[in-house]
Amino acid sequence: MAKTIGAFFSLYLATLILLLSSGLFNTYLGLRLTALSVSEVWVGAMIAAYYLGLVLGARVGHRLIIGVGHIRAYAACAAMVTVTVLAMILIEGLWLWLALRFVAGIAMVSLFIAIESWLNEQTENASRGTVFGFYMVASCMGTVLGQLALGLFPKLDSEPLVFVAICSVLSLIPVTLTRRLHPALQVPAPLALRYYVARVPLSLTVLFLAGMLTGAFYGLAPVYGLQHGMDNHQVGVFLAVSVAAGLVFQWPLGWLADHMSRVRLIRIGALLLLCLGVPLWGWFEFPYPALVAFSGVLGVVQFTLYPMGAAFANDNVDPERRVGLSALLYMVYGLGACLGPLAAGGLMRAWGSDVYFVFVSACAALLVVFIRERKVKGTHRSEDAPTQFVPMADTLQNSHVMAVLDPRVDPQRDISHDPVIDDPLAAPAPAAATAASAPTSASASAPTPAPAATPTPAPTAEAPVPASAAAPASRPVPACGPLSPLAPGLPASAGKQQDDGA
């Protein structure tokens, strides 16, 4: 463990510094705009523009790194983040601030692409889980420390902006002085939308709503705290407790997720989130310690939705296509994070700050309505389900390049870059063609040909993981080209699929 930390200490330190500055800045911006009596819609728009830059900037970051290399790209993007922060001291127009936040999002995700490329390239398969875990801890610690650092600045003036700019420049030191070899860049996996949507529609719903909750939390929860009499330090603690609780409780909830139906666990969490939000609708006046306690419990549920939904999705996608799945989950989560602050900000502008928790309860209610075990047919259950539950950071700033370090992913077998040969939404193949391809298809369910039957379209819901399910041994991967009919990653046959009896 100590060897792993030492080997990548410079990269972990850069990650912690960047997320400390980002966490502080996002909270500061909401408080500063609220103190200036700016509409909650604008507050939500600021964080939405930043998240939009994070989502769209991944491709930009890849092209920049390909063009000039990792260290030069990292230095240029760190300088750009610093410029966008300091420019806000000199410029007061909200539309310009909006543009600066969008550019900052593009630059920030490019920084993390550079960091994560080093981790991906120079991590051995046996230690990928450990490296991934430390990276997630560094990410969450940076976010928590960023909230607590807000207490160092009792006045909402330009001092926090200068501190954020210093952190951005400071993050250059461990990366530019690292002795690690120049890494190769991971090429972004294309998004086979039809393939993934057919297999994990419920998981995509969970990720979208989780993104809405997370985006609204970082953008509007500081506004809620300030309008309920909290000072800057109290707002920072209010947010930090929620994020820290979400991180710590991922391990016990992960154990539960490996021993019971993940659909049921997501729905129970959504019901808890719905019920906990109702007392905060404005019916009662709670003291500050009670609000902090509510924040901690809500964080346990809210910040475990992403890893829970990701684990559920991995249970229902072929192991060879999980890098592409992670990219799609990142995009859907990011889209929700862009829309959530706008929706919550509009509601708070019209009906007051207490409506923030009405928004939280509404998102939880949608999860309760749409995520039901009876909708799960067991059609697309993965061969290695139940997959391992992996704790994950709540932030979008960690780019989807990091998916390659996920211990559920085997980079040597992944074929997300290859086209999907058997499109799940395409018309069924003729019976003769199906019989002819049976000996070489990954979806063959018997060694001898079976009598031809009229094919029927398969349901498109994911499969829950029974508590007693055991992961089968991985099948060998045939040596083949990307367009060969022997390519792995085809849908599992009906003979290997099973309902959970819901």
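Residues numbered from 1 in each chain as written. Predicted model: local features only at pLDDT ≥ 70, side-chain atom pairs only at ≥ 80, totals over all residues. Heavy atoms only, no water.

> Please set out the overall build of the chain residue by residue, giving values where relevant.
Assigned secondary structure in the chain consists of 18 helices and zero strands. Within the chain, the proportion of its 502 residues that are buried is 55%. The contacts in the chain between residues at least 6 apart in sequence include a share of 89% that link residues at least 24 apart. Total accessible area on the chain is roughly 20,300 Å²; 68% of this is exposed by carbon and sulfur atoms. (Helix = DSSP H or I, 4+ residues; strand = E, 2+ residues; numbered from the N terminus. Buried < 20%, exposed > 50% of the residue type's maximum accessible area, 1.4 Å probe, protein only. Contact = heavy atoms within 4.5 Å. Areas by Shrake-Rupley, 256 points an atom, 1.4 Å probe, with all protein chains shown as cover.)

> Provide a residue-level description of the environment of Gly53, including the pertinent values.
Looking at where Gly53 falls in the secondary structure, it is placed in helix H3 (residues 40-68). Exposure remark for Gly53: the relative accessible area of 0% places this residue in the buried category. When the C-alpha atoms of Gly53 and Ala107 are compared, they prove to be 8.1 Å apart, with 54 residues separating the residues in sequence.

> Tell me about the pattern of salt bridges, and please be specific about residues and values.
In the structure shown here, the tally under the stated rule is one salt bridge. In this structure, Arg262 engages Asp315 in a salt bridge whose closest nitrogen and oxygen atoms are separated by 2.7 Å. With Arg262 in helix H13 (residues 262-277) and Asp315 in the loop between helix H15 (305-314) and helix H16 (322-351), this pair connects stretches of sequence that are 53 residues apart. Residue class for Arg262 comes out buried when judged on its relative accessible area of 0%. (Salt bridge = Lys/Arg side-chain N within 4 Å of Asp/Glu carboxyl O.)

> Could you give me a rundown of the side chain of Ser242, with the residues and numbers involved?
Checked against the element boundaries, Ser242 lands in helix H11 (residues 232-248). On the basis of relative accessibility, which here comes to 2%, the residue Ser242 falls in the buried class. With residues near it in sequence (within four places) discarded, Ser242 still touches Phe217, Ser295, Gly296, Gly299 and Phe303.

> Tell me about the packing of helix H10 (residues 201-227) against H15, residues and numbers included.
Contact geometry for H10 and H15: axes closest at 9 Å, N-to-C directions at 165°. One finds that H10 runs roughly antiparallel with respect to H15. Here H10 runs over H15; the crossing is left-handed. Across the interface between the two elements, Leu202, Ser203, Val206, Leu207, Ala210 and Leu213 from H10 touch Leu305, Tyr306, Gly309, Ala310, Phe312 and Ala313 from H15. Of the residues in the contact of H10 with H15, the class split is 10 nonpolar, two polar and no charged. (Axes fitted to C-alpha atoms, helices over the stretch in contact; angles between N-to-C directions. Parallel < 35°, antiparallel > 145°, perpendicular 65-115°, else oblique. Left-handed = near helix turned anticlockwise from the far one by under 90°. Nonpolar A, V, L, I, M, F, W, Y, C, P; charged D, E, K, R; others polar.)

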